[in-house]
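Remarks on the overall topology
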Protein chains: 2
Amino acid sequence: MAEKTILLDHGSGGLASQELIGNLFLKYLDNPTLHSLEDSAIIENQKGNLAFTTDSYVVDPLFFPGGDIGKLAVHGTINDLAMRGAKPLCLSLGLILEEGLPFDDLERIIQSISEACKEADVPVVTGDTKVVPKGKGDKIFINTSGIGVVDTDVVISSAKAEEGDAILLSGTLGDHGITIMTRRAGVALEGDLKSDTRSLHRLVAKLLQEIPGAVHTLRDPTRGGVATSLNEIAASSGLSIELRDEDLPIRPSVRAACEMLGLEPMYLANEGKCLAVVAADKAEQALEIMRSTSEGAEAVIIGRVTAGKAGRVTINTPVGGSRVVTPLHGEPLPRIC
Amino acid sequence: MAEKTILLDHGSGGLASQELIGNLFLKYLDNPTLHSLEDSAIIENQKGNLAFTTDSYVVDPLFFPGGDIGKLAVHGTINDLAMRGAKPLCLSLGLILEEGLPFDDLERIIQSISEACKEADVPVVTGDTKVVPKGKGDKIFINTSGIGVVDTDVVISSAKAEEGDAILLSGTLGDHGITIMTRRAGVALEGDLKSDTRSLHRLVAKLLQEIPGAVHTLRDPTRGGVATSLNEIAASSGLSIELRDEDLPIRPSVRAACEMLGLEPMYLANEGKCLAVVAADKAEQALEIMRSTSEGAEAVIIGRVTAGKAGRVTINTPVGGSRVVTPLHGEPLPRIC
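About the cut-offs
Residues numbered from 1 in each chain as written. Chains lettered and ligands numbered in written order. Predicted model: local features only at pLDDT ≥ 70, side-chain atom pairs only at ≥ 80, totals over all residues. Heavy atoms only, no water. Least-squares fit on C-alpha atoms with pLDDT ≥ 70 in both. Contact = heavy atoms within 4.5 Å. Phe/Tyr/Trp six-rings, centres within 6.5 Å; stacked < 30°, edge-to-face > 60°. Helix = DSSP H or I, 4+ residues; strand = E, 2+ residues; numbered from the N terminus. Buried < 20%, exposed > 50% of the residue type's maximum accessible area, 1.4 Å probe, protein only. Domains from an automatic or database assignment. Buried area = accessible area lost by both parts, 1.4 Å probe. Salt bridge = Lys/Arg side-chain N within 4 Å of Asp/Glu carboxyl O. Polar contact = N/O pair within 3.5 Å; in protein donor to acceptor, adjacent residues only side chain to side chain.

Mapping chain A onto chain B leaves a residual RMSD of 0.0 Å; the transformation is a rotation of 180 degrees accompanied by 0.0 Å of translation along its axis. The transformation just described matches what one would write down for a two-fold rotation axis. Closest to the rotation axis within chain A is the C-alpha of Gly137(A), separated from it by 2.0 Å. Most of the interface of chain A is mirrored in chain B, where 99% of its interface residues are also at the interface.

All right, on to the packing of aromatic side chains then. According to the stated counting rule, one finds two aromatic pairs over all chains in the structure shown. Between Phe52(A) and Phe52(B), the ring centres sit 6.3 Å apart and the planes meet at 80 degrees, which makes this aromatic pair edge-to-face. On the criterion of chain membership, the pair formed by Phe52(A) in strand 2 (residues 49–57) and Phe52(B) in strand 2 (residues 49–57) is interchain, its members lying in two chains. Note on accessibility: Phe52(A) and Phe52(B) belong to one class, buried. Ring geometry for Phe141(A) against Phe141(B): centres 6.3 Å apart, planes inclined by 45 degrees, an arrangement best described as tilted. Of this pair, Phe141(A) sits in strand 7 (residues 140–150) while Phe141(B) is found in strand 7 (residues 140–150), placing the two residues in two different chains. You can call Phe141(B) buried: its relative accessible area is 2%.

This part is about the domain arrangement of chain A. Residue and element names in this part refer to chain A. The domain architecture assigned to chain A consists of domain 1 (8–150) and domain 2 (158–324). Between the C-alpha centres of domain 1 and domain 2 there is a distance of 28 Å. On the side of domain 2, 22 residues touch domain 1, which itself brings 23 residues to the contact. Looking only at domain 1, the three residues that lose the most surface to domain 2 are Pro65, Asn79 and Met83, adding up to 33% of its buried area. Linking domain 1 with domain 2 are one salt bridge. For glutamate 119, the salt bridge identified is with arginine 202, shortest N-O distance 3.6 Å. Where domain 1 packs against domain 2, one counts nine residue pairs in polar contact (both at pLDDT 80 or more). Top element by residues in the side of domain 1 that touches domain 2 is helix 3 (residues 69–82). It accounts for eight residues.

Written out as structure tokens, the structure is:
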């Protein structure tokens, strides 16, 4: 029997679209809000400001050790909400499918989205599917947008970093980037290489609850890596950032892969890590809070904010030297997320 | 000099991405919320429930008489919010660019998005850009998601249609669908064929303000056309819908093109029209309200909701006959929006 694949019809808005919705989307993602299938979802409002974010996911390959494009799309957008101190309320799901995509691949991705949503307790409440002809897309692109609510007294942004603040990183560097890179290059490496994709909103909620006011900035260093995120924080706050090389947490397998491929871990994408810029007197407590969670178990303090030249990030090397860390130039890893 | 085009670098999250943001997105779309360029936008909340919607736009060609993919992406998502009775607050903008897209085309689209947002008074507050290699996309795909607020006492849905309600259509049928179709087929037709893309939130606000409680259902009949939207309303409400053929407003140029191409106007996509299901005793007033707006100047009553077989839509023909109008089967017009 021929493999069942996605046809142009599935994006028509007609009966084939409705079959896809009934047999796949509602099967895995159903909830009362999504179920109504109206032009937009209606959600009960909550107190606080609204946080709103969007991301498209075009990762290649679709499936990789530790996750897949569906998990990435759920976690990535939840994390973008969490990085402003918001509690994620709900997600939208926009699919652009290429004609000929095996139905089984789509089902596996939707199932994965369903699992990630359940684990995070953040539902998909509205969606859209388009189909483009074979050769005009690449299997599947996913957009997720998300709404969150944030207490009006919580103001977290790159511009809020202060002189003396400690910089925490919730775990090891580069796991996602190097996993995609080695997979795509067909490089087989020993060890435990897998994507770190996961949602971080619970870790953030714990920090905000236990040390209110002490968290000044949160960023998840995805594309462009820790180096680029720290440069953005330094630029927005008009301060310098100093890192200590020996404090950067890197798995041996990631370090080995980076050496082999000539990559710098600080520029690799992460999909389940956050940088937190925290008032110095609460830094140790913040570290303990992070480490008390499974997603932050390997958290470390990697540096501090200083009054040096605005926008400069430097790293102190073990032999006593110091070098400037620039933001990402060029594209080492297209389609990493 | 070589034409400036989009490179993979522009989706890296590094310096090239930042140039695109600074030289293009902020140039045309700037506002204080977008300007912060954080992981998510923070928006002041408003009273009421939240409406949330998403749509991806993959229309081919990108530019067509009456509009372009950018205008469509703004109007379409605003309209999806309006169809639940919501006041649109803000949009997100997710771009998937194909390597090699002329920079000028992108600039023209972003400029068009800017104009549509200003005209509608709904800003883009957050965004994302990905670039896929040449041959893995098709110039540009756009996702817009939107947030709106809706009074808690406004409940508009397909399920709320009631026996006896009048069905209004805010203007002529099929203008968008036939414009794209003839353009793509390379058919040159005389006359005024152009897309009807426009935002309808002001027309909806006026209806809700002037005849509160009388509007039961609103739908914008995009993909699948009026036939499919009416079938969905009939199915959701468990009622029948009866139309009168002679009441369907169709431009002569659209009718001529449909006859030439063998298409049925009721299945053609519209991008600036809405169906309104309104309590019978307020139908004439609703019609007047619609006609008092530029976007609803050609509004008509096209039929009514009856207690017949659940989910059935029929059309009465001028010679006294009646036929069933089924929802769209198959895909007459891929990539219409």
